[in-house]
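Geometric and topological summary
This is what each chain is made of:
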Amino acid sequence: MGVTEIVEGKEYLLRKVHLELALTYQSHSNYDYVKLSGDSKSGTPVVFEQHPDRPGEYYIRMTSSNWSDYYYLTRDSKGWVYLDKKSNASRFCFFLDAWGRIKFWHYSGNEDKLNFKLHTRGDTKWLSTDGYKRYLRDDEPNTRTGERAEINRDLFEVVNA
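This section reports on the structure supplied with the text. A quick note: this is a predicted structure, and the numbers were derived from the prediction, not measured.

Rules and cut-offs
Residues numbered from 1 in each chain as written. Predicted model: local features only at pLDDT ≥ 70, side-chain atom pairs only at ≥ 80, totals over all residues. Heavy atoms only, no water. Helix = DSSP H or I, 4+ residues; strand = E, 2+ residues; numbered from the N terminus. Buried < 20%, exposed > 50% of the residue type's maximum accessible area, 1.4 Å probe, protein only. Contact = heavy atoms within 4.5 Å. Areas by Shrake-Rupley, 256 points an atom, 1.4 Å probe, with all protein chains shown as cover. Polar contact = N/O pair within 3.5 Å; in protein donor to acceptor, adjacent residues only side chain to side chain. Pairing = 2+ DSSP bridges. Phe/Tyr/Trp six-rings, centres within 6.5 Å; stacked < 30°, edge-to-face > 60°.

Turning next to the overall build of the protein. In terms of regular secondary structure, the protein is built from zero helices and twelve strands. Reading the protein from its N terminus to its C terminus gives the helix and strand order β-β-β-β-β-β-β-β-β-β-β-β. With 161 residues in all, the protein has 48% of them scored as buried. Looking at the protein alone, contacts between residues at least 24 apart form 49% of all its contacts between residues at least 6 apart. Taken as a whole, the protein presents about 9100 Å² of accessible surface, with 42% of it coming from carbon and sulfur.

What follows covers the environment of S90. Along the chain, S90 falls in the loop between strand 7 (81-84) and strand 8 (92-96). Judged by relative accessible area, which is 7%, S90 ranks as buried. It is 7.8 Å that separates the C-alpha atoms of S90 and Y72, two residues lying 18 residues apart in sequence. Reaching out from S90, the side chain makes a polar contact with the backbone nitrogen of R75 at a distance of 2.8 Å.

Attention now moves to the side chain of R91. Along the chain, the position of R91 falls in the loop between strand 7 and strand 8. In terms of polar contacts, R91 uses its side chain to reach the side chain of E57, at 2.7 Å. Ignoring any residue separated from it by four or fewer positions in sequence, one finds R91 in contact with H51, R54, E57, Y58, Y59, H106 and Y107.

Among the five residues that make up strand 12 (residues 156-160), four are buried, leaving the element largely enclosed by the rest of the structure. With five bridges joining them, strand 1 (residues 11-16) and strand 12 adopt antiparallel strand pairing. Bridge assignment links L14 to a residue of strand 12, and that residue is V158.

Turning our attention to the packing of aromatic side chains. In the structure shown here, the tally under the stated rule is twelve aromatic pairs. Residues F92 and F116 carry aromatic rings whose centres are separated by 5.3 Å and whose planes lie at 80° to one another, so their mutual orientation is edge-to-face. Remark: F116 occurs in strand 10 (residues 115-121) and F92 occurs in strand 8; sequence separation between them is 24 residues. Side by side, F92 and F116 carry an identical accessibility label, which is buried. By the ring-pair criterion, three or more aromatic residues cluster together here, those being Y12, F48, Y58, F92, F94, F104, F116 and F156.

All we've got here are geometric facts, nothing functional implied.
Okay, here's the thing in structure tokens:
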């Protein structure tokens, strides 16, 4: 079961809701990119660190990596999430619900634009921040389906490591 609050400095696993697979990392092109683990036991714990001058914005640090000092989740220019030094790290905002499910988004956009999303490439599910489909106004139906679009994001569950 997920936690009901995030305690800064404590270790957690971020598990994909309904899959119980946690986030971890894998080396690619001289960086560790964040991905979903292959089983429920192989996730990498993360620690939330609040930005000292911006309440509600957090750095997310993995507890291990392949390169020294490269532990922080960072969004690249294409939206993929990799591990970098804290000086280059992205800040994230989140909403934690009563069941321990968490919705993340990159701080530079609003919560409906740069959400965490898993993308499958081969057998691997890589983490990105491009999980978004804009909402259509009630008076602006989708021309193909006639329905409103919804946010396309992946929810994670925060559990104690």
